[in-house]
Structure formats: C-alpha cells, structure tokens
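Given next are the chains, with one letter for each unit.
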Amino acid sequence: MFARLTKFQIKIKKINEASKLYKESVLPAARSQKGYRGSYLLVDSKTGNTAALTLWDSEEDAIANEKNLYYQEQLVKFLGLLTKPSFIREGYEVKVQA
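Below, the structure is looked at part by part.

Calculation criteria
Residues numbered from 1 in each chain as written. Predicted model: local features only at pLDDT ≥ 70, side-chain atom pairs only at ≥ 80, totals over all residues. Heavy atoms only, no water. Helix = DSSP H or I, 4+ residues; strand = E, 2+ residues; numbered from the N terminus. Polar contact = N/O pair within 3.5 Å; in protein donor to acceptor, adjacent residues only side chain to side chain. Contact = heavy atoms within 4.5 Å. Core = buried A, V, L, I, M, F, W, Y, C linked by side-chain atoms within 4.5 Å. Buried < 20%, exposed > 50% of the residue type's maximum accessible area, 1.4 Å probe, protein only.

Looking at the side chain of Arg4
Consideration 1: Mapped onto the elements, Arg4 comes out in strand β1 (residues 2-9).
Consideration 2: Polar side-chain contacts of Arg4 include one of 3.0 Å to the side chain of Asn65.
Consideration 3: Polar side-chain contacts of Arg4 include one of 2.9 Å to the side chain of Glu66.
Consideration 4: Contact partners of Arg4, with chain neighbours within four places excluded, come to Ala52, Leu53, Thr54, Trp56, Ala62, Asn65, Glu66, Tyr70, Tyr71, Arg89, Glu90 and Gly91.

Right under this line is the structure:
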C-alpha cells in the first residue's frame, strides 16, 4: 500500500467550508480512481495547518492519478480557502497498518 500526504494551510474561518468540500467533492472523485483505498483530512483548528492523507493500492496508482490530472483538479478546489497558494506533497510506503 502507498500513502500520499498533502500539506497546506487553510484560513481558520474557512476550515468548515474546506471540510465540507473535501467530503462532498474530493471523496467522491477519489472513489472513482483506480487503487483508491481511503483517506483522512487532518486539521489543526487553531492554526489551519491541514494534511490530506490518501491511501492507494500502490505507488503506481497514486502516480497514475497525478498523470491523469485528478490530483491537480482536487488541489485547485481549495485555492480560495488557503492562507497561501502552496501545497507540499509527500509519498510513503505503508509498512504497517492496524
């Protein structure tokens, strides 16, 4: 399994809006992607620091949905909610799952 972690900072007053957007728009789009296994949206409500963690069957599946622009389409949805228009993307091989 492979995990992609995307970090960004949401405006504190926009956290609820971002959560709703993730639930109602990002998740349905993710479910249609090959190899999708699940996701989490993690938010620090005091700072707006946010991390979206998505799980994939393989690194190849995560890369494929970047190549077909799914990933970029999801990021664009959040641009108006960010304190600055920047995202940090990291990838990890999942070694243990409980």
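Notes on the nonpolar core
Consideration 1: Core analysis: the largest hydrophobic core is formed by 20 residues, its most contacted members being Phe8, Ile10, Tyr22, Tyr70 and Phe78.
Consideration 2: When contributions to this core are tallied by element, the ones reaching two or more residues are β1, α1 (15-31), β3 (49-56) and α3 (70-76).
Consideration 3: Per element, the largest residue contribution to this core is seven residues, and it comes from α1.
Consideration 4: Once residues within four sequence positions are removed from consideration, Ile10 is found in contact with Ile15, Ala18, Thr47, Gly48, Thr50, Phe78, Leu81, Leu82 and Thr83.

Read these as spatial facts, not as claims about activity.
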